[in-house]
Amino acid sequence: DTEVTQTPKHLVMGMTNKKSLKCEQHMGHRAMYWYKQKAKKPPELMFVYSYEKLSINESVPSRFSPECPNSSLLNLHLHALQPEDSALYLCASSPLDRGIPEQYFGPGTRLTVT
Amino acid sequence: GENVEQHPSTLSVQEGDSAVIKCTYSDSASNYFPWYKQELGKGPQLIIDIRSNVGEKKDQRIAVTLNKTAKHFSLHITETQPEDSAVYFCAASFNSGYSTLTFGKGTMLLVSP
């Protein structure tokens, strides 16, 4: 099973709202990722967690706040977003193993900021 | 950092034809090259990958080839079907545990019946 689940599927929020995106995997992967994807573009890496610790932050604005409460869960807390933050937000996971680099993506959350 | 170029940006073929998508990378340290298929409204799906110690890999109708000297790799789909229509992304990374993928810009493949 290579399933990564994400909730919600769709989210509409105002610029003053606070919301959270959730991601879950039960493959025993110890690396988890957040990506942002705009229409007709490739995914752009935002954050990488390894062993529940933040390893990479690709200079993402502080209005995006990641959290990894345990090895199966990854959250992305959103606050005071801008309309240009509207995008598909993808979660991914991979084993922390040099011999197994495969990265699996979830279906994404379609975010619209009004 | 790594830079991945992908061509063509769009590709239209007739059902049953073959399709080839090509990518080049810049960082000779990259050692892992996956291909993802993304259908409309869905997340990217890993369809095949290749590591730098292998020149070719095949899985049913899809195959990937890697030329490390020239720093390019290609996806080959034979006997295309309408359900192959999607956006395909190549990527490159140096796998040091977790892998930070650098993606190409994508190829929209349209297979006409």
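The structure this text deals with has already been given above.
Student: Describe in detail the overall build of chain B, supporting the description with residues and values.
Tutor: Secondary structure assignment for chain B yields zero helices and 11 strands. Starting at the N terminus and ending at the C terminus, chain B contains elements arranged as β-β-β-β-β-β-β-β-β-β-β. Scaling as 2.2 N^0.38, a compact globule of 113 residues should have a C-alpha radius of gyration of about 13 Å, and chain B matches this with 13 Å. Seen through its C-alpha atoms, chain B measures out along the principal axes to roughly 40 × 30 × 20 Å. A total of 113 residues make up chain B; the buried ones form 45% of that total. In chain B, once contacts between residues fewer than 6 apart in sequence are set aside, the share between residues at least 24 apart is 53%. Summed over its atoms, the accessible surface of chain B is roughly 5500 Å², and 48% of this surface lies on carbon and sulfur atoms. Side-chain charges in chain B split into 10 positive and 12 negative, and the spacing between the mean points of these groups amounts to 5 Å.

Student: Before we move on, could you go through the layout of surface pockets and cite the residues and values that matter?
Tutor: Any empty space left between the atoms is revealed when a probe the size of a water molecule rolls over them. For the largest pocket, the calculated volume is near 560 Å³. Lining the largest pocket are 24 residues, and of these Lys40 of chain A together with Gln38, Leu40, Val87 and Met108 of chain B sit closest to its centre. At the level of secondary structure, the elements contributing two or more residues to the lining of the largest pocket comprise β9 (86-92) and β11 (107-112) of chain B. The element contributing the most residues to the lining of the largest pocket is β11 of chain B, with four residues. Taken as a whole, the second largest pocket spans an internal volume of roughly 220 Å³. Lining the second largest pocket, in full, are Lys37, Gln45, Ile47, Asp59, Gln60, Arg61, Ile62, Ile77, Asp84 and Tyr88 of chain B.

Student: Requested: an account of the pairing of strand β1 (residues 4-7) of chain B, with residues and values cited.
Tutor: All names here are of chain B. Residues of β1 alternate between two faces, with Val4 and Gln6 buried on one and Glu5 and His7 left unburied on the opposite face. Where β1 meets strand β3 (residues 19-25), four bridges bridge the pair, whose relative direction is antiparallel. Within β3, the residue paired with Gln6 across the bridge is Cys23.

Student: Describe the pattern of salt bridges, with residues and values.
Tutor: Residues and elements named next belong to chain B. What the rule picks out here adds up to six salt bridges over all chains. In this structure, the salt-bridge partner of Lys42 is Glu39, at a minimum N-O distance of 4.0 Å. For Lys42, a relative accessible area of 46% corresponds to the partly exposed category.

Student: Tell me about the interface of chain B and chain A, and please be specific about residues and values.
Tutor: Residue-level contacts link 21 residues of chain B with 27 residues of chain A. For the pair chain B and chain A, the two sides together bury roughly 1800 Å², of which 58% comes from carbon and sulfur. In this structure, the connection of chain B to chain A is made through one salt bridge. Seen at the junction of chain B and chain A, the total is three residue pairs in polar contact (both at pLDDT 80 or more). Looking at the side of chain B that touches chain A, the elements with two or more residues in it are β4 (32-38) and β5 (45-51) of chain B. Looking at the side of chain B that touches chain A residue by residue, the class counts come to eight nonpolar, nine polar and four charged.

Student: Describe the environment of Glu44 of chain A, listing the residues and the values that go with them.
Tutor: Checked against the element boundaries, Glu44 of chain A lands in strand β5 (residues 44-50). Expressed as a C-alpha distance, the spacing of Glu44 of chain A and Gly99 of chain A, which sit 55 residues apart in the sequence, is 24 Å.

Student: Requested: an account of the environment of Glu5 of chain B, with residues and values cited.
Tutor: Residues and elements named next belong to chain B. Its place among the elements puts Glu5 in strand β1. Beyond its immediate stretch of four places on either side in the chain, Glu5 contacts Lys22, Cys23 and Thr24. A polar contact of 3.2 Å, which involves the side chain of Glu5, links it to the side chain of Asn3.

Student: Residue-level account of unusual backbone geometry, with values.
Tutor: Residue and element names in this part refer to chain A. Here Thr7 and Pro8 are connected by a cis peptide whose omega angle stands at -10°. For Pro8, the position within the fold is in the loop between β1 (4-7) and β2 (10-13). Unlike most non-glycine residues, Ser59 shows phi in positive territory, near 55°. If you trace the backbone, Ser59 turns up in the loop between β6 (53-57) and β7 (64-70). With a relative accessible area of 70%, Ser59 lands in the exposed category. Even without being glycine, Ala80 reaches a positive phi, approximately 55°.

Rules used throughout
- Residue indices follow the written sequence of each chain, beginning from 1 at its first position.
- Following the order in which they are written, the chains are lettered starting with A and the ligands numbered starting with 1.
- Given that this is a predicted model, residues contribute local features only at a pLDDT of at least 70 and side-chain atom pairs are listed and counted only at 80 or more, while totals for whole chains, interfaces and linings are drawn from all residues.
- For side-chain calculations, the full set of non-hydrogen atoms in the structure is used, while hydrogens and water are omitted.
- Helix and strand definitions here come from DSSP, where helices need a minimum of 4 consecutive H or I residues and strands a minimum of 2 consecutive E residues; each element is numbered from the N-terminal end.
- With C-alpha atoms as the basis for the radius of gyration, the globule rule is written as 2.2 Å multiplied by the number of residues raised to the power 0.38.
- Each residue is placed in one exposure class: buried if its accessible area under a 1.4 Å probe, protein chains only, is under 20% of its type's maximum, exposed if it is over 50%, and partly exposed if it falls in between.
- Contact criterion: two residues are considered in contact whenever any of their non-hydrogen atoms come within 4.5 Å of each other.
- The Shrake-Rupley method, run with a 1.4 Å probe sphere, supplies the accessible areas, and residue values consider only the shown protein chains as cover.
- Two residue types count as positive, namely Lys and Arg, and two as negative, namely Asp and Glu; His and chain ends fall outside the count.
- Where a charge lies is defined by one atom per residue type, namely NZ (Lys), CZ (Arg), CG (Asp) and CD (Glu).
- The pocket and cavity definitions rest on a 1 Å grid over protein atoms only: a 1.4 Å probe that fits but cannot leave marks a cavity, an open set with protein on both sides within 12 Å along at least five of seven lines marks a pocket, and residues lining either have an atom within 4 Å of a point.
- Grid points are joined across faces, edges and corners, and a volume is the space filled by probe spheres set on the points.
- We treat two strands as partners when DSSP finds at least two bridges between them.
- Salt bridges are defined by distance alone: a side-chain nitrogen of Lys or Arg within 4 Å of a carboxyl oxygen of Asp or Glu.
- Simply put, the buried area is the total loss of 1.4 Å probe accessible area from both parts when two parts are fitted together.
- In protein, a polar contact means a hydrogen-donor-capable atom and an acceptor-capable atom, both N or O and within 3.5 Å, with residues adjacent in sequence counting only if both atoms are side-chain atoms; elsewhere, any N or O pair within 3.5 Å suffices.
- For this classification, the nonpolar set comprises Ala, Val, Leu, Ile, Met, Phe, Trp, Tyr, Cys and Pro, the charged set comprises Asp, Glu, Lys and Arg, and every other residue, Gly included, is treated as polar.

Remember that the coordinates give geometry; whether it matters functionally is a separate question.
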